[in-house]
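Residue-level structural notes
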Amino acid sequence: MRIDKYLKVSRLIKRRTVANDACDAGRISVNGRPVKASYDVRPGDIIEIGFGTRNVRVEVTCLQESIHKEDASEMYKLL
């Protein structure tokens, strides 16, 4: 699954276009390297997202094409 879609489905970022823009701006890194929106996410990857002055680090636990809002947090583990 592409990282921009993963960020939207997991509700880490509200819209896919915003996730795409964040990747283009270099605010999204996977396993310590900045990635483009087309990067394929795999379980076990460590994603770091720069939100203004704070960073959010999560580990990908599972991939699903669609998920209920209540269960979206099961797709990642906060670090």
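In case you missed it, the structure is sitting above this.
First, a word on what this report is: a plain description of the structure on this page. (Residues numbered from 1 in each chain as written. Predicted model: local features only at pLDDT ≥ 70, side-chain atom pairs only at ≥ 80, totals over all residues. Heavy atoms only, no water.)

Notes on the overall build of the protein chain
Per the secondary structure count, the protein chain includes two helices and five strands. Tracing the protein chain from N to C terminus, the helices and strands come up as α-α-β-β-β-β-β. Dimensions of the protein chain, computed from C-alpha atoms along their principal axes, come out at roughly 30 × 25 × 25 Å. Every one of the 79 residues in the protein chain was classed for burial, and the buried ones make up 37%. Of the contacts made within the protein chain by residues no fewer than 6 positions apart, 36% connect residues no fewer than 24 positions apart. (Helix = DSSP H or I, 4+ residues; strand = E, 2+ residues; numbered from the N terminus. Buried < 20%, exposed > 50% of the residue type's maximum accessible area, 1.4 Å probe, protein only. Contact = heavy atoms within 4.5 Å.)

Remarks on the pairing of strand β4 (residues 54-60)
Relative to β4, strand β3 (residues 46-51) runs antiparallel, the two being bridged by six bridges. Pairing of I49 across the sheet is with V56, part of β4. Pairing geometry for β4 and strand β5 (residues 76-78), over three bridges, is antiparallel. By the bridge assignment for β5, V58 is matched with L78. (Pairing = 2+ DSSP bridges.)

Here's the deal with the nonpolar core
One finds I3, Y6, L7, L12, I28, I47 and I49 to be the most contacted residues of the largest nonpolar core, which totals 24 residues. Secondary structure elements with two or more residues in this core: α1 (3-9), α2 (16-24), β1 (28-30), β3 and β4. Per-element accounting of this core gives the leading share, four residues, to α1. Apart from residues no more than four positions distant in its own chain, I47 is found in contact with I3, Y6, L7, I28, S29, V30, V41, V56, R57, V58 and V60. (Core = buried A, V, L, I, M, F, W, Y, C linked by side-chain atoms within 4.5 Å.)

Section: the sheet that holds β1
An order of β2-β1-β3-β4-β5 is seen for the five strands of this open sheet, with the pairing classed as antiparallel. Of all the strands in the sheet, the pair left with one neighbour each is β2 (33-34) and β5.

Concerning unusual backbone geometry
Within the chain, R11 stands out as a residue other than glycine whose phi angle is a positive 65 degrees. Assignment of secondary structure puts R11 in the loop between α1 and α2. With a phi close to 50 degrees, N31 is a non-glycine residue in the positive phi region. By secondary structure assignment, the location of N31 is in the loop between β1 and β2.

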